[in-house]
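Chain by chain, the residues run as shown.
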Amino acid sequence: MKKSLSSLILLVLLVTLVVPASAEGPTVTFVNPVPGDVLTLAVGESYTLEVHVSSDVAFIRAQMALDQFYPGRYVTANGMVGAHKGTEATMQITLTGKGATAELPGGIAPVSLIVGVRYQGGNVVVETYDFGVIVQ
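As the structure is a prediction and not an experimental result, all values here were calculated from the model. (Residues numbered from 1 in each chain as written. Predicted model: local features only at pLDDT ≥ 70, side-chain atom pairs only at ≥ 80, totals over all residues. Heavy atoms only, no water.)

Its location among the elements puts Met80 in the loop between β4 (75–77) and β5 (81–97). Exposure remark for Met80: the relative accessible area of 51% places this residue in the exposed category. Separated by 14 residues in the primary sequence, Met80 and Leu66 have C-alpha atoms spaced 7.4 Å apart. Excluding residues within four positions of it along the chain, Met80 makes contact with Gln63, Met64 and Ala65. (Helix = DSSP H or I, 4+ residues; strand = E, 2+ residues; numbered from the N terminus. Buried < 20%, exposed > 50% of the residue type's maximum accessible area, 1.4 Å probe, protein only. Contact = heavy atoms within 4.5 Å.)

Here it is, written out as structure tokens:
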């Protein structure tokens, strides 16, 4: 009886740690999205994107990174940024124009901003914001 009761208590504890994270996902807000989903930069010019993550359930880590079809060729970023343990985080990543995109189809380099939030139990929620960059 004691073994059954302790097993049941352990199961309830595990479920309460895992279920809220999967049932209650984070709210990811792109604070300053690119106007018209196409950002125009001069070579050397920068633009900072900001994301706010909030969650009812504490996360282990939230992080943000840039995904590019042509990594580092036309646009560079200041790496991957993140926040540890919490229910809220504000993160910024800065893009800088590196080379002219005129040779690309439509003159636009496709870019995605990826935000991932990891919870206890291995649950991960990912949000993506796609846009294009023209570098002149």
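Attention now moves to unusual backbone geometry. Apart from glycine, the bulk of residues carry a negative phi angle, and the bulk of peptide bonds sit in the trans form. Even without being a glycine, Asp37 presents a positive backbone phi close to 60°. Tracing the backbone shows Asp37 in the loop between β1 (27–30) and β2 (38–41). Unlike most non-glycine residues, Lys85 shows phi in positive territory, near 35°. Looking at the element boundaries, Lys85 is found in strand β5.

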